[in-house]
Structures are given as structure tokens and as C-alpha cells.
Amino acid sequence: MREKRQAGAGLGPRLTTGLVLLALVMVSINLRPAITTVAGVMNQMPGVFGLDPSLLPLLGTLPVLAFGVSGPIGPWLARRWGTGRAVAGALVVLAAALIVRATVPALLLPGTFLAGMAIMTASVLVPQIVKANRGTGWWTGLCTMGFGLGAALGAGLVQPLQHLLGGSLPWALAVWAVPALVGAILIYRSGGTPREGAGRATDGDASSSAGTSVPVHGRPATPLRKQRTAWAVTAFFGLQAMLYFAITSWLAVFLVSRGLAPAESAALLAWFSLAGLPASLLAPVLAVRPGILKILAPGLGLSVALALLGVLAAPAGLQFLMVGILGVVQSAGFGLAMALVVIRSAGPQSAGRLSAMSQGFGFALASLGPLGAGLLHTLTGGWEVTFWVLAAEAVVLAGAGFLAIRGPLVSVEQAPVTAEPGSQPTLV
């Protein structure tokens, strides 16, 4: 379904790509606090919400599991409502889930799962909107930086907000519904796609100018599941996401076991996200350069492995430095994962489908991160095995990055055949 004149009805000719970009950044900021706010106060959840402590690994896993099962929802809604309305609707649902899970203790787990579904629905459409607006690496970088900023704000502000709100943890969690609603309004007003006639990009656009070539028929595209590049991008996205969610779910708990105070550990979790903001911005910008991309894709995986082992080995006094380094390389990996969806797709529809596949399957894989890390810690009684396993996974991530930058672009559109006046039809 087309956007029709959703954006034009409200803003008409005043709608600009700048508003779309602003809306995208605001959307991105809202797609992590639902997770990092809980991670920053994980030790308080049993006492405040009456949650069985044995369910804490499940609480950390539920949002990521929701990501894995709800990937197709975004593209499905976008075809019926348009991308702007689909993302706006997802943010409204996210706001409702944040309020419900915080104010009704019995709905903490279901509300967390619903919040994860809403986040995923909006998240998969971000690359599609970037591609439709012919966004550069800076667009992708600003959006990925928004993810990191939202994660940092969620982890860093949850305890100060709790203090400001009279010690009420539920309201410190529920207040994040407000920026979600602001994001919904902005993306709804922008529409998410260029103005009618502004030259939006489409997959398989065969015409160089009006009247000089006419699409007459096409050959079926290769199914996404049979495109090796799509699977390589999916593997890269999933492995870096598994590492990210394992780290954000358990880093604060690990730091407490190293002798840091809970408040200091929560602050370092926020620092993990803040330190990575410049890297999440620059990685997509640098990734558009093929020479740099060949080094960046596999190199980041190896860097994450070394940084994880550094955090494991560092004493408490050096954790600020080591957590910051880990945040830089991990955030760069996420920025590159988002950039690969845009760079390695042929057009906006392909970007949307590849985004749904890479984030859907990828987050299904990522859901094993928090659960696996928690179980390894419980079984071994320490953190050494957990960190070594995560480091080994980062090495596999390097291999996925190596494969993701090779091969043809991902395309879900049929290859059009055009006929020039006075000539035979040719494939383009």
C-alpha cells in the first residue's frame, strides 16, 4: 500500500528529508531503553515485582526472543499502512507495553515480550526508509547512533529517575513511554518516504528517462532464502546481536561480582553504550568505501573477541577503560550490521525484506545470548567460561563479516526486461 498523501496531508510541500531523518533518529532512540532500563536494575526486579530470581535469565531473553518471532510484521504492516504509519503504530504499542509491564507486576514478562515485538516491528523498517530516501552512510550512522544513545540513556537514567520519582522503580520504567509517543508522532507526520514525485528509489528501476525505455516483462527473482549474501548478512547481524544482548544483560552483574557497587556497575553499563556512539556513527560512513569495508567487516569480530577478554582480565580500577573499548568495537559492529542491510541490497523493498530476514533470524539467534551466558555462569559458578565462549563467538562473527561483503547484491524484485524504441527487449 502506498503512503498516499499521509505526509502531504499534514505538511504538504514543507515536508523535507530532514524531517524524515529527525524522525528516524527519534525512532531509533526508542528501540533500546525497554531493554537496558531493566538490565540496569536487574538486581531489584525480584524484590520490586515479586519475580522469581530463577526467571531473571528469561526476563533478559524475552525481548530478544520477541525480536526473532516478529520480524515479518514490519514489512507486512508497511505494505498495508505505509512505512510511516507502521512505525508509528509500533511505537504506540511499545508505549502501552512499557506502561502495562511496569504498573501490573503480573504482566511484567508478557509486557516485556510485547515491547520486544513492537521494537522489532519498527526496527526492521528503518533500513527500508533509509533506502527509500536514498540515505547516505551518515543516515545509517545517525540511526545506529540513536540506538546506542537510547541504550545509554535507558541504563544511565533509570536509577536517577527512580530517585527523582520517590524511589518508585515501576514509574522509572514506565516514563519511557513518553519519548516513544513523541517518536510515533514525528514518524507519522514525516510519512517515512519521499514526497510524491520526489524520485524515490525502487528495486529494479530500469528507466533512465521517461519515454526512452518501457518495462515489458521480467524474470522471477531468486528467493531470499537462496541468496548467499542474504544469509551472510543475517549471520553477521545475528552474531553481533547475540554478543550485544549477552553483554548488556549481564555486564552489570559481572562488574558487581568484581567488587563494584551496583550504582557504579549500572553507570558502566551506560558508559558501554555512550563510548560506542561515535563508532556507531562512523562505521556505516566508512563502510561505503570498499577498501575499508574489506578490513572493517572481519576486523571488528576479532576486535570484539580481544575486548571481551580484556574486560574479563582487567581489575576493577581498569574496567572504565576496558568497558569503553568493548563499547566502541561492539557498537561499530552494530553500525556495520545495519549498514550492510542497506549497502548489500538492490533497493528499498529488498532492503526491507533483507532487514526482516537478518533481524528476524538474527535476533532469534541472539535470544540465546543472554540465556546462554546466564546458564554458563550458573553452571560454572564464575565468568571465565562465559567470556571465553563469547570471545569464540566473536571470531565466528569475523568470518561472517568476511562472507557478507562478497557476492551479488540481495534483490527480491524480478529483473525487468526493457524495450528501447526500435530495438529488441534486453535484460537490465
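Everything in this summary refers to the structure shown in the same document.

What counts and what doesn't
Residues numbered from 1 in each chain as written. Predicted model: local features only at pLDDT ≥ 70, side-chain atom pairs only at ≥ 80, totals over all residues. Heavy atoms only, no water. Axes fitted to C-alpha atoms, helices over the stretch in contact; angles between N-to-C directions. Helix = DSSP H or I, 4+ residues; strand = E, 2+ residues; numbered from the N terminus. Parallel < 35°, antiparallel > 145°, perpendicular 65-115°, else oblique. Left-handed = near helix turned anticlockwise from the far one by under 90°. Contact = heavy atoms within 4.5 Å. Nonpolar A, V, L, I, M, F, W, Y, C, P; charged D, E, K, R; others polar. Buried < 20%, exposed > 50% of the residue type's maximum accessible area, 1.4 Å probe, protein only. Arc of directions from axis to C-beta. Phe/Tyr/Trp six-rings, centres within 6.5 Å; stacked < 30°, edge-to-face > 60°.

### Focus on the packing of helix α6 (residues 73–81) against helix α7 (residues 83–103)
Here is step 1: One way to put it is that α6 packs onto α7 with a least axis distance of 7 Å and a crossing angle of 125°. Here α7 runs oblique to α6, going by the angle between their axes. Crossing handedness for the pair α6 and α7: right-handed. On the side of α6, the interface is formed by Leu-77, Ala-78 and Trp-81, while α7 contributes Thr-83, Arg-85 and Ala-86.
Here is step 2: Partitioned by chemical class, the residues of the contact of α6 with α7 number four nonpolar, one polar and one charged.

### Some details on α6
Here is step 1: All buried positions along α6 are accounted for by Gly-74, Pro-75, Leu-77 and Ala-78. Seen along its axis, α6 keeps its buried residues to an arc of 165°; they face one direction.
Here is step 2: Where α6 terminates, the next one or two residues include Gly-82, which has phi positive at roughly 95°.

### Focus: the packing of aromatic side chains
Here is step 1: Overall, the coordinates contain ten aromatic pairs when judged by the stated rule.
Here is step 2: Geometrically, the ring pair formed by Tyr-244 and Phe-245 is edge-to-face, given 5.0 Å between the ring centres and 85° between the ring planes. The same class applies to Tyr-244 and to Phe-245, which are both buried.
Here is step 3: Ring geometry for Phe-254 and Phe-387: centres 4.7 Å apart, planes at 45°, overall tilted. Here Phe-254 is found in helix α13 (residues 228–257), whereas its partner Phe-387 is found in helix α20 (residues 384–404), with 133 residues between them in sequence. When sorted by exposure, Phe-254 lands in the same class as Phe-387, which is buried.
Here is step 4: Put simply, the rings of Phe-67, Tyr-244, Phe-245 and Phe-272 touch in pairs and so form one group of aromatic residues.

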